[in-house]
Amino acid sequence: MCGIVGYVGPRDCSDVLVSALQKLEYRGYDSAGIAVFDENDAITTVKTEGKLQNLKDKLQIVGKPNGHVGIGHTRWATHGEPSDVNSHPHSGARVTIVHNGIIENYQEIKSFLVGKGREFLSETDTEVVAQLLDFYYDGNPIATIDKVMGEVVGSFALGIMFKDFPDRVFAVRRESPLIVGVADGEAFIASDVPAILQYTKDYYLLEHDEIATLTNDGVSFVDKYLNPIEKELKTADWDQEAAEKGGYPHFMIKEINEQPEAIRTTIMPRIKDNLPNLEECGITLEMLKGFKSVTIVACGTAMHAGMVGKYVIEDLARIPVNVDIASEFRYRNPIVGDGDLVIIISQSGETADSLAALRLAKQKGAKILAIVNAKGSSIAREADMLIYTLAGPEIAVASTKAYITQISVMYLFAFELALANETISVAECQQLTESLQKMPEAVKYVIDNTNEVCKKIGSKLITADSLLYIGRGLDYALSMEGSLKLKEVSYIHSESYAAGELKHGTISLIEDGMPVIAVATQTDLIEKTISNVVEVKSRGANVILVCTEACEQKMKEGIANYKVVIPNTHELLMPITAVVPLQILAYYTAIHKGNDPDQPRNLAKSVTVE
Ligand code: F6R
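Below is a short write-up of the structure. (Residues numbered from 1 in each chain as written. Predicted model: local features only at pLDDT ≥ 70, side-chain atom pairs only at ≥ 80, totals over all residues. Heavy atoms only, no water.)

### Re the pairing of strand S1 (residues 3-8)
Within S1, six of the six residues are buried, which leaves the element mostly enclosed by the surrounding structure. Side-chain alternation along S1 places Gly3, Val5 and Tyr7 on one buried face and Ile4, Gly6 and Val8 on a second face that is also buried. In this structure, S1 lies alongside strand S4 (residues 69-75), joined through six bridges in antiparallel fashion. Looking at the pairing, valine 5 lines up with glycine 72 of S4. The sheet contact formed by S1 and strand S10 (residues 186-190) spans four bridges and is antiparallel. (Buried < 20%, exposed > 50% of the residue type's maximum accessible area, 1.4 Å probe, protein only. Helix = DSSP H or I, 4+ residues; strand = E, 2+ residues; numbered from the N terminus. Pairing = 2+ DSSP bridges.)

Shown next as structure tokens:
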């Protein structure tokens, strides 16, 4: 999604903007630009299609605007193709802006402005806002922004400069995230905290419809009624190093390697005397008693974490669990209400569909538990109960350490829910919790011992047009995530199938040499899974088996073309270790294909539009 930055202060503004934009590259983008008040207090805009390197090259050619106040943007195209002219910043005669989000009524506003004789250069909804600001501008920036806020519909975060005010940047948001950073004599705006960590850890979270004014004397805020307000200053607990590659070639492999620590950091403060204890998150056993049903709503990888949650909660707490895709849930008049628990899982905490699902479920009377990584994000703030995954910043677009911490939290929560509803004994719960505490070590072992074999298998997959992931039970939930990871970064088509479902149609796809990745970690299902593996193998599939030592013992020699064997742990917890080779395999397949695994084509990290 688009990234916004802005700066007011003594440093070279162009350098600050480009460097901050670099830290937002992970969000995904297809063009970039900056606008800076130059030494003559005129706004100079430089923008171009493509990566930030193109912008840097262009700045070299046309000359970097020299100044101390400016805004910058990385664009992920929504309205209008990626092109120089559609890139941000966009301007009206006296206003220049950058924008993240979507203006839903932009056609209507554009027709109005065209009727008033305005002309447009780009196809974007953003230029419409720039022109509307210019149209209403009466010398008072805040009143003008307020007037425009009353007319635009949609989600947006805006960085705004008015030609008459060369010493300041204005910012406003509705739905789309925006933070305001502060340091001595300088101020920043950014879509996300990593953009400013190189300059400051102190920031304010801008709330819906609040307007911020940044000058080098400080930052001031007004609420939606234009009353001045004081806001709470927050301090980021992520440092710059955590948001950099630290010697790894890519964020994706760095983040895979950070998983043992991420699990440890996430679970340990929530365990006491070998039992889950969520009091640190304000959740008591009492609060978890008597839910009629659980619905887990999320998107993509987070939804796959929910699939693992379904198996575990149903197994331990004996409460029916539905897992729903947020973009479906929000438009389906879902059956949730008083007495139901809805769990929203999200790394960014800003995913538009997940946020809308949360609001809908809340309005219907369900209790909301959010499992979120980004501190202070919208989903975190609007939930009734909140458990943070403490994975640290996840920069690679393909989620790895966020997923592993999401499922770790799902386990802890399922244990606590089962304990609250007395469907497991304290002793059983202690045993499960003890096993969970061993997972950081187990994950470390799997990373160290499967890297080479996955690298080799990845080199064999690059010629495949399509492949299948199969598994049963928890292994099916896991296959979904394995398949998505591979698709995202290698651009090879794959599907995940419940192994027992193959015969009902999909097996007709199997032909000589087609890779099939079979996940087998559940001994009670192994005989069934073996039958399915034999069925695809005998039809010519190249079988790659990801299995535990216990499951391997049940397999006949020669059943698989390649094997990735991982140690046995508690079988209910196997997704935590078994996901690791699937992630590493996806990573190396992308590398062997020459793809950039950190910024896969067409994808954005934080999906703040529908
Ligand atoms: C895949 C991936 C996405 C996200 C999805 C939800 O690797 O990262 O599928 O899981 O867009 O995002 P969050 O978790 O931020 O709500």
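There is more to say, and it comes next.
### Digging into the pattern of salt bridges
As enumerated under the stated definition, the model contains 27 salt bridges in all. Aspartate 134 is paired through a salt bridge with arginine 94; the nearest N and O atoms lie 3.0 Å apart. Of the two residues, aspartate 134 is situated in helix H4 (residues 125-136) and arginine 94 in the loop between strand S5 (90-91) and strand S6 (95-103); the sequence distance between them amounts to 40 residues. According to the relative accessible area criterion, aspartate 134 is buried, its value standing at 3%. Among the residues examined, arginine 94 registers a relative accessible area of 31% and is labelled partly exposed. As a salt-bridge pair, lysine 254 and glutamate 258 come within 3.0 Å of each other at their nearest N and O atoms. Classification of lysine 254 as buried rests on a relative accessible area of 6%. (Salt bridge = Lys/Arg side-chain N within 4 Å of Asp/Glu carboxyl O.)

### Remarks on the sheet that holds strand S24 (residues 493-498)
Strand order in the open sheet formed by five strands is S24-S23-S25-S26-S27, with parallel pairing between adjacent strands. The outermost strands of the open sheet, each flanked by one partner alone, are S24 and strand S27 (562-566). Averaged over all neighbouring strand pairs, the angle between strand axes comes to 15°, with direction disregarded. Bridge count between strand S26 (residues 542-548) and S27: five bridges; the pairing is parallel. Each bridged residue has a counterpart across the sheet, and for threonine 548 the counterpart in S27 is isoleucine 566. Against the sheet, helix H16 (residues 526-537) touches strand S23 (466-471), strand S25 (515-520) and S26, its axis set at about 175° to S25. (Axes fitted to C-alpha atoms, helices over the stretch in contact; angles between N-to-C directions. Contact = heavy atoms within 4.5 Å.)

This is a description of form; function is not addressed.
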